[in-house]
Amino acid sequence: EAGVAQSPRYKIIEKRQSVAFWCNPISGHATLYWYQQILGQGPKLLIQFQNNGVVDDSQLPKDRFSAERLKGVDSTLKIQPAKLEDSAVYLCATQTGRQETQYFGPGTRLLVL
Amino acid sequence: SQKIEQNSEALNIQEGKTATLTCNYTNYSPAYLQWYRQDPGRGPVFLLLIRENEKEKRKERLKVTFDTTLKQSLFHITASQPADSATYLCASDSNYQLIWGAGTKLIIKP
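About the thresholds
- Residues numbered from 1 in each chain as written.
- Chains lettered and ligands numbered in written order.
- Predicted model: local features only at pLDDT ≥ 70, side-chain atom pairs only at ≥ 80, totals over all residues.
- Heavy atoms only, no water.
- Helix = DSSP H or I, 4+ residues; strand = E, 2+ residues; numbered from the N terminus.
- Buried < 20%, exposed > 50% of the residue type's maximum accessible area, 1.4 Å probe, protein only.
- Areas by Shrake-Rupley, 256 points an atom, 1.4 Å probe, with all protein chains shown as cover.
- Lys, Arg positive; Asp, Glu negative; His and termini not counted.
- Charge placed at Lys NZ, Arg CZ, Asp CG, Glu CD.
- Contact = heavy atoms within 4.5 Å.
- Buried area = accessible area lost by both parts, 1.4 Å probe.
- Salt bridge = Lys/Arg side-chain N within 4 Å of Asp/Glu carboxyl O.
- Polar contact = N/O pair within 3.5 Å; in protein donor to acceptor, adjacent residues only side chain to side chain.
- Pairing = 2+ DSSP bridges.
- 1 Å grid on protein atoms, 1.4 Å probe; cavity = no way out; pocket = protein on both sides within 12 Å on 5 of 7 lines; lining within 4 Å.
- Points joined across faces, edges and corners; volume = space filled by probe spheres on them.
- Nonpolar A, V, L, I, M, F, W, Y, C, P; charged D, E, K, R; others polar.

**Comments concerning the overall build of chain B**
Looking only at helices and strands, chain B features 0 helices and 11 strands. Written out in order from the N terminus, the α and β elements of chain B read β-β-β-β-β-β-β-β-β-β-β. Principal axes of the C-alpha set define a box for chain B whose edges measure 40 × 30 × 20 Å. Here chain B holds 110 residues, and the buried ones make up 45% of them. When the accessible surface of chain B is summed, it comes to about 5800 Å², and 47% of that surface belongs to carbon and sulfur atoms. Side-chain charges of chain B comprise 14 positive and 11 negative groups, with the mean position of each set lying 2 Å from the other.

**Focus: the interface of chain B and chain A**
Listed as interface residues are 18 residues of chain B and, on the opposing side, 19 residues of chain A. Carbon and sulfur atoms make up 47% of the surface buried where chain B meets chain A, a total of about 1300 Å² over both sides. For the pair chain B and chain A, the interface holds 1 salt bridge. For Glu100 of chain A, the salt bridge goes to Arg51 of chain B, with nearest N and O atoms at 2.9 Å. Counting the contacts that link chain B with chain A gives 8 residue pairs in polar contact (both at pLDDT 80 or more). Elements represented by at least two residues in the side of chain B that touches chain A include exactly β4 (32-38), β5 (45-51) and β10 (97-100) of chain B.

**Focus on the pairing of strand β8 (residues 72-77) of chain B**
Residue and element names in this part refer to chain B. Most of β8 sits out of view: 5 of its 6 residues are buried. Two strands pair when backbone bridges link them, and strand β3 (residues 19-26) and β8 are joined in this way by 6 bridges, in the antiparallel orientation. Following the sheet pairing, Ala19 is matched in β8 by Ile77. Note that strand β7 (residues 62-67) and β8 share 6 bridges and pair antiparallel. When the sheet's bridge partners are listed, Phe66 is paired in β8 with Ser73. Once β7 ends, the chain turns through 4 residues before running back antiparallel as β8, passing Lys71 with a positive phi of about 55 degrees.

**Looking at the layout of surface pockets**
Here the largest pocket is characterised by a volume of approximately 690 Å³. Along its surface, the largest pocket is lined by 32 residues, and Gln37, Leu39 and Gly40 of chain A together with Gln38 and Thr87 of chain B are the ones closest to its centre. Looking at the lining of the largest pocket, the elements that each hand over two or more residues are β9 (88-95) and β11 (108-112) of chain A together with β9 (86-94) and β11 (104-109) of chain B. Split by residue class, the lining of the largest pocket holds 14 nonpolar, 13 polar and 5 charged.

**Section: unusual backbone geometry**
Look at the link from Ser7 of chain A to Pro8 of chain A: it is a cis peptide, with omega at -10 degrees. Here Pro8 of chain A shows up in the loop between β1 (5-7) and β2 (10-13). A cis amide bond, omega 0 degrees, links Gln80 of chain A with the succeeding residue Pro81 of chain A. Position of Pro81 of chain A relative to the elements: it lies in the loop between β8 (75-79) and β9. Despite not being glycine, Arg16 of chain A has its phi angle at roughly 80 degrees, a positive value. Turning to its location among the elements, Arg16 of chain A is positioned in the loop between β2 and β3 (19-24). In the Ramachandran plot, Lys71 of chain B falls in the positive-phi region, its phi being about 55 degrees despite a non-glycine side chain. By the element assignment, Lys71 of chain B lies in the loop between β7 and β8.

Structure (C-alpha cells):
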C-alpha cells in the first residue's frame, strides 16, 4: 500500500510570509496528526483529526497556524505569518482506528529567514 | 506533568555488539510504549510496541522490555550493524495520543 505523502519536501520563506503544507494519508486511515519536530527534539503534536473533525488542537498556535481536513482525506497545515522559531520539520502521521501504530510521511523541512 | 526522557547523548557501539537504549517516564502510567526509528530527512518508522502487562517483546534482532516499577523501557539491538545507525524514538500513550522522547542517536562503528 502507498505510504503517507507530503509536499513540498522543503520550503524556504522569509518571516511574516505565509506557507502551506499538504498531506495525503494512507487510504482508510481515519486519524491524522500534524507534528512539529525541531532539530534534536521529538515530535510535538500540533493537531489531531478524526475523519474531518478536530480531536485536539490544544497545542496549535491558533493566532498563526491553521489546519483543515476536508472530506476526511487530505489535510493542509498553514502558517500565516511565519516566525523564525517556526523553522522545523512538519510531519504528518496517520493511523487506523484499530491500531496504535502511527505511519509517518517524509516531512516538510521549513526554514524561515 | 507527564514526561518521557531518553538519553540525549549519542551512543557509539562497535559492530557486532549489543546496543541498549533507555526510555524513562515520569508522572503517569502508560498502557504501552512504542519504539520508532528515524533516519535523517525521513519520518519515524514504527519498530515495536510493548504493553504494560508484557515484560519483554522481540522482533528479529530487536528486544524491548517494560519495567513498570522502574518506569523504564529498554530497547536492545543485538549483533548491531552499521545499517542500524539512526535515531531511536520512544513514545508512550497519553489520553489517546502519543508523547515522544527526544530520541537517542545510535552510531554503529565498523
